[in-house]
Amino acid sequence: MKIDSIDHIELYVEDAEGTAGRLCDSFGFAVAGRGGPDTGLHGCRTILLRQREITLLVTEALDPAHRAAAYVRRHGDGVAVIGLAVDDARAAFATALERGAEPVSPPEESGPEGARVTFASVTGFGDVEHRFASREASYAPFAPGIIDETGYTGDAATLLQAVDHVAVCVPAGELAETIRRYQQVFGFDQIFEERIVVGSQAMDSKVVQSSSGNVTFTILEPDTTRAPGQIDEFVRSHDGAGVQHLAFLTADITAAVRTCAERGVRFLTTPAAYYDALPGRLGGADLPVDTLRELNVLADRDPFGEMLQIFTESTHPRRTLFWELIERRGAQTFGSNNIKALYEAVERRQAVDQPAGP
């Protein structure tokens, strides 16, 4: 099974128009098509969004029996489908079933000969499915005969380039089995693992990646022998395994952060102590520390280079979904050093603010 890239991400939401509008207004996505009962979709309406190599579907159930309705009832709005681009969706579907995946949707084909598109879905983790997608022609519409497209041709002045990685949280005890399934069923390789300890909390993280290097999942589970932390809270609030955040790759994180902030995006703030310690931790950053401090951008370094990242505040009612912007300057890791550095910065700030005893 050769998985080339992330073909698309589908969000199941309560209000498709509202969610799509916010993604366009905040992050520069453009509406590229629409689908519903009048175009051949059953029980739902969906809005197709595009930006460079990123394709998002925002889907709202019209029928309470539709999968999107059940998903939203259990989890609230969230990532429900991760589409995987393959050479032959039928063959990938058959191979996945042979290797132990459970079917969700059998192969379905649409479009004229020479430009046909085939989709077929199997289970992934939690309630998230993987939809294999293959196209006879690179210029083929996303889903001919199912979604009416608007003639979107792209925009050179884009903020975001691609989906860098998908961050997944799983309940305690499920990490090893999840990794095994991605290796066995989808042919992914484990490329990284670590244990992250932050004060009284701890989590285990492993990263799997397709052989093409274009599809990456960072998967985390909490250590329930330690104090509860953000992964425990996600699993509880989301009611099971799911996507915690999508990381969008950008070529210029400072420009992207400034533009998104002007459009109303709220990013997490960072304690001043983090930036006070940054030169000693990194030995100097590519961007001036004052610029990083101004924008609340985090910096990390690995043997291959530097990585800059920032996380949005979650606007989800359950606080279970947010976004990351990331710029890679050679680095291949995911900023785990920032978790510890942020925690230590908060601890230092709290120690300074602690009132003196009598």
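Before any of the text, the structure's been laid out above.
The notes below deal with the structure included here.

Here is what the cut-offs are and how they apply
Per-chain numbering applies: the sequence of each chain, read as written, is numbered from 1 onward. Only residues with pLDDT of 70 or above have their local features reported here, since the model is predicted, and side-chain atom pairs are shown and tallied only from 80 upward, although totals for entire chains, interfaces and linings are computed over all residues. The basis for every side-chain value is the complete set of heavy atoms in the structure, and neither hydrogens nor water enter the calculation. Runs of E in the DSSP output that reach at least two residues are strands. Runs of H or I that reach at least four are helices, and both are numbered from the N terminus. The atom set for the radius of gyration is the C-alpha atoms, and the globule formula is 2.2 Å times the number of residues raised to the power 0.38. Note on definitions: a residue-residue contact is assigned when non-hydrogen atoms from the two residues lie within 4.5 Å. With residues, only the protein chains shown are counted as cover, and all accessible areas are computed by Shrake-Rupley using a 1.4 Å probe. A positive count includes Lys and Arg, and a negative count includes Asp and Glu. His and the chain ends are not counted in either. In plain terms, the charge of a residue is placed at NZ if it is Lys, CZ if Arg, CG if Asp and CD if Glu. At least two bridges found by DSSP between two strands is the condition for calling them paired. Axes, fitted as lines to C-alpha atoms, cover a helix only where it is in contact. Angles between the N-to-C directions of the axes lie from 0 to 180 degrees. To define a nonpolar core, start from buried Ala, Val, Leu, Ile, Met, Phe, Trp, Tyr and Cys residues and group those joined through side-chain atoms within 4.5 Å. Exposure categories follow from relative accessible area, calculated using a 1.4 Å probe and restricted to protein chains: below 20% of the type maximum is buried, above 50% is exposed, and the middle band is partly exposed. Definition used for salt bridges: Asp or Glu carboxyl oxygen within 4 Å of a side-chain nitrogen of Lys or Arg. Under this definition, polar contacts are N or O atom pairs within 3.5 Å; protein pairs additionally need one hydrogen-donor-capable and one acceptor-capable atom, and for neighbouring residues in sequence, both atoms have to be side-chain atoms.

1. Re the overall build of the protein chain
- Looking only at helices and strands, the protein chain features nine helices and 17 strands.
- Computed over its C-alpha atoms, the radius of gyration of the protein chain comes to 21 Å, within 12% of the 21 Å expected for a compact globule of 358 residues.
- A fraction of 65% describes how many contacts in the protein chain between residues 6 or more apart in sequence connect residues 24 or more apart.
- Carbon and sulfur atoms provide 49% of the accessible area of the protein chain, an area that totals close to 15900 Å².
- In the protein chain, 33 positive and 52 negative side-chain charges are present, and the distance between their average locations comes to 3 Å.

2. Some thoughts on the sheet that holds strand β15 (residues 298–302)
- Spatial ordering of the open sheet is given by β11-β12-β13-β10-β14-β17-β16-β15, a layout of eight strands whose pairing is mixed. Bordering the open sheet on either side are β11 (189–198) and β15, each of which pairs with just one other strand. For this sheet the average axis-to-axis angle between neighbouring strands, irrespective of direction, equals 25 degrees.
- With respect to the sheet, helix α6 (residues 253–262) is in contact with β16 (305–311) and β17 (322–329), its orientation differing from that of β17 by roughly 155 degrees.

3. Some remarks on the nonpolar core
- Of all hydrophobic cores here, the largest spans 74 residues; its most connected members are Phe-29, Ile-82, Phe-132 and Leu-325.
- Once you skip the residues sitting within four places of it in the chain, Leu-325 turns out to touch Leu-160, Phe-248, Ile-253, Ala-256, Val-257, Cys-260, Phe-267, Leu-308, Gln-309 and Ile-310.
- One finds Ala-32, Val-117, Phe-119 and Ala-143 within the second-largest nonpolar core, a separate group that totals eleven residues.

4. Here's the deal with helix α7 (residues 272–282)
- All of the buried residues along α7 are Ala-273, Tyr-274, Tyr-275, Leu-278 and Leu-282.
- Positioned one or two residues after α7, Gly-283 has a phi angle of 75 degrees, which is positive.

5. A word on the sheet that holds strand β6 (residues 103–110)
- Sheet architecture is open: nine strands sit in the order β6-β7-β8-β5-β1-β4-β3-β2-β9, paired in mixed fashion. On the outer flanks of this sheet lie β6 and β9 (148–149), each paired with one strand and no other.
- Judged from the five bridges that link them, strand β1 (residues 3–13) and strand β4 (residues 54–61) form a sheet pairing that is parallel. Bridge pairing links Leu-11 to Val-58 in β4.
- Helix-sheet contacts for helix α1 (residues 16–27) involve β1, β2 (30–35), β3 (44–51) and β4, and the interaxial angle to β3 is about 10 degrees.
- Along the sheet, helix α3 (residues 89–98) contacts β5 (78–86), β6, β7 (117–123) and β8 (129–135); its crossing angle with β7, the most-contacted strand, is approximately 15 degrees.

6. Here we look at the pattern of salt bridges
- Under the defined criterion, the tally for this structure stands at 22 salt bridges.
- Glu-177 is paired through a salt bridge with Arg-180; the nearest N and O atoms lie 2.6 Å apart. With a gap of three residues between them, Glu-177 and Arg-180 both fall in helix α4 (residues 175–186), about one helical turn apart.
- Look at Arg-180 and you get partly exposed, because its relative accessible area is 34%.
- Taken together, the shared-partner salt bridges in this structure form one network comprising Glu-10, Arg-67, Glu-129 and Arg-131.

7. A look at the pairing of strand β14 (residues 242–249)
- Most of β14 is tucked away, with seven of its eight residues classed as buried.
- Direction of pairing for strand β10 (residues 162–169) relative to β14: antiparallel, over a ladder of seven bridges. Across the sheet, Ala-162 pairs through a bridge with Leu-249, a residue of β14.
- Examined bridge by bridge, β14 and β17 share five bridges and lie parallel to one another. The partner of His-245 across the bridge, within β17, is Phe-322.

8. A closer look at the environment of Arg-45
- By secondary structure assignment, the location of Arg-45 is in strand β3.
- Spatially, the C-alpha atoms of Arg-45 and Phe-188 are 33 Å apart, while their sequence positions differ by 143 residues.

9. Some points on the side chain of Ser-237
- Mapped onto the elements, Ser-237 comes out in helix α5 (residues 230–238).
- Here Ser-237 falls in the buried class, since its relative accessible area comes to 12%.
- A polar side-chain atom of Ser-237 sits 2.8 Å from a polar atom in the side chain of Glu-233.
- Of the polar contacts made by the side chain of Ser-237, one reaches the side chain of Arg-236; its length is 3.3 Å.
- The residues contacting Ser-237, other than those within four sequence positions of it, are Arg-318 and Thr-320.

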